[in-house]
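What follows is each chain in one-letter form.
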Amino acid sequence: MTAQPPEPSPRPVPSGELRASHDEREAVVEQLRDAAAEGRIDLDELDSRLEQALKSKTHAELAVLTADLPRLNSPESQPPLVLKGGMHGASRGPGRWEVPGHVVARGGMGGVKVDFTRVQCRLTEVAVEAYGEMAGVTIVIPDAWAADTGGMNPGVGGLTDKTTPDRLPGTPLIRLTGAGGMAGVVIRHPNRWERRKLRSNPTH
């Protein structure tokens, strides 16, 4: 008796070819309307995209209509995080916190510290504006991250960049701009004390 060859397994359908549901089409329609309200697309383009959205049959066809728009509730669509040192200083981290695409730190009289060492960031780049002013700004990034400080004006206080260029694939790049002011801006990896604290409390 001749053995029958095994039947080929069905080809998995790529995610883009999956059929879109009514709810998925309606979600894209709402995203397009929000984008028009924010001034991202004009009314003529809105009408054209809405018509295409209602006719779309697959995920891929819907994805094209929103590919150039921020994802809903994504870090890119979040408002900037603004930290002001004021009289008493301000900080963010070292605990876990949601990193938006744009951070503004103003040292004021009390100084500002921004610590990224425990965050889980899905962005490929984070724009950080730092203004040293009277007390300075300190930015701490993980060893695997890198920084681009070419857009920074050192001012009187200067810019101290103690980071290394050894960026691991898939980790964010900190694109630093702003001005050093009187007290300057420091961007670095964790110091000895911070590393000891990270080792002793790896998940906090």
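It should be noted that the structure appears before, not after, this text.
In this report, we go over the structure that sits alongside the text.

Attention now goes to the pattern of salt bridges. Across all of its chains, the model carries 12 salt bridges by this definition. Glu-51 is paired through a salt bridge with Lys-55; the nearest N and O atoms lie 3.1 Å apart. Here Glu-51 pairs with Lys-55, and both are found in helix α2 (residues 43-55), just four residues apart, close to one helical turn. Classification of Glu-51 as partly exposed rests on a relative accessible area of 46%. You can call Lys-55 exposed: its relative accessible area is 57%.

Moving on: the side chain of Arg-188. Examined against the element boundaries, Arg-188 turns out to sit in strand β10 (residues 185-188). Within the structure, Arg-188 has its side chain in polar contact with the side chain of Glu-194 (distance 2.7 Å).

Our focus in this paragraph is the packing of helix α1 (residues 22-37) against α2. Interhelical geometry of α1 versus α2 gives an angle of 175° and a closest axis separation of 9 Å. Overall, the two elements α1 and α2 adopt an arrangement that is roughly antiparallel. Judged by residue contacts, Arg-25, Val-28, Val-29, Leu-32, Arg-33 and Ala-36 of α1 engage Leu-46, Arg-49, Leu-50, Ala-53 and Leu-54 from α2. Considering only residue class, the contact of α1 with α2 consists of eight nonpolar, no polar and three charged.

We now examine the packing of α1 against helix α3 (residues 59-66). Closest axis-to-axis distance for the α1/α3 pair is 10 Å, and the angle between their directions is 5°. As summarised for this structure, α1 and α3 are arranged roughly parallel, according to the angle between their axes. Every residue of α3 that contacts α1 at Glu-24, Arg-25, Val-28, Gln-31 and Leu-32 is listed here: His-59, Leu-62, Leu-65 and Thr-66.

Bridging between strand β6 (residues 137-140) and β10 involves four bridges; their strand directions are parallel. In the sheet register, Ile-139 faces β10, and the bridge partner there is Ile-187. Relative to β10, strand β8 (residues 159-161) runs parallel, the two being bridged by three bridges. From the neighbouring strand, Leu-159 faces β10, where its bridge partner is Val-185.

Next up on the list: the packing of aromatic side chains. The description of an aromatic ring pair uses the distance of the two centres, along with the angle that the planes make with each other. If you walk through the whole model with that rule in mind, you get two aromatic pairs. Between Trp-97 and Phe-116 the ring centres are 5.2 Å apart and the planes differ by 40°, which places this aromatic pair in the tilted class. Taken together, the positions of Trp-97 in the loop between β2 (90-92) and β3 (102-106) and Phe-116 in the loop between β4 (112-115) and β5 (125-131) put the pair 19 residues apart, joining distant regions of the chain. Residue classification places Trp-97 among the buried residues on the basis of a relative accessible area of 10%. When its relative accessible area of 0% is taken as the criterion, Phe-116 is described as buried. Considering the side-chain rings of Phe-116 and Trp-145, the 5.6 Å spacing of their centres and the 45° angle between planes classify their relative orientation as tilted. Remark: Trp-145 occurs in the loop between β6 and β7 (146-153) and Phe-116 occurs in the loop between β4 and β5; sequence separation between them is 29 residues. Each of the two residues, Phe-116 as well as Trp-145, counts as buried.

This paragraph deals with the nonpolar core. Grouped together as the largest cluster of nonpolar side chains are 26 residues, with contacts concentrated most on Phe-116, Val-126, Val-128, Ile-139, Trp-145, Ile-174 and Leu-176. With three residues, β5 is the single largest residue contributor to this core. Excluding residues that lie within four positions of it along the chain, Leu-176 makes contacts with Val-128, Ala-130, Ile-139, Asp-148, Thr-149, Gly-151, Met-152, Leu-159, Val-185 and Ile-187. The next biggest cluster of nonpolar side chains, apart from the first, holds 13 residues, and it includes Val-29, Ile-41, Leu-65 and Leu-69.

Reading the values: rules and limits
In this convention, every chain numbers its residues from 1, walking through the sequence in written order. For this predicted model, a pLDDT threshold of at least 70 governs which residues receive local features, and a threshold of 80 or more governs which side-chain atom pairs are given and counted, while totals over whole chains, interfaces and linings are taken from all residues. Side-chain metrics rest on all non-hydrogen atoms present in the structure, leaving aside hydrogens and water. Salt bridges are defined by distance alone: a side-chain nitrogen of Lys or Arg within 4 Å of a carboxyl oxygen of Asp or Glu. A run of H or I in DSSP becomes a helix once it reaches four residues, and a run of E becomes a strand once it reaches two; helices and strands are each numbered from the N terminus. Each residue is assigned to one of three classes by its accessible area relative to the maximum for its type, calculated with a 1.4 Å probe on protein chains only: buried under 20%, partly exposed between the two thresholds, exposed over 50%. Whenever two N or O atoms come within 3.5 Å, that pair is a polar contact, provided that in protein one can donate a hydrogen and the other can accept it, and provided that, for residues adjacent in sequence, both atoms are side-chain atoms. With axes taken as lines fitted to C-alpha atoms, and helix axes fitted only over the stretch in contact, angles between N-to-C directions fall between 0 and 180 degrees. For this classification, under 35 degrees means roughly parallel, over 145 means roughly antiparallel, 65 to 115 means roughly perpendicular, and everything else is oblique. Contact criterion: two residues are considered in contact whenever any of their non-hydrogen atoms come within 4.5 Å of each other. Charged means Asp, Glu, Lys or Arg here, nonpolar means Ala, Val, Leu, Ile, Met, Phe, Trp, Tyr, Cys or Pro, and polar covers whatever is left, Gly included. Paired strands, as defined in this entry, are two strands with at least two bridges between them according to DSSP. Working definition: a ring pair exists when centres of Phe, Tyr or Trp rings (six-membered ring for Trp) sit within 6.5 Å. Plane angles under 30 degrees give stacked, over 60 give edge-to-face, the rest tilted. In these notes, a set of buried Ala, Val, Leu, Ile, Met, Phe, Trp, Tyr and Cys residues joined through side-chain atoms within 4.5 Å is what counts as a nonpolar core.

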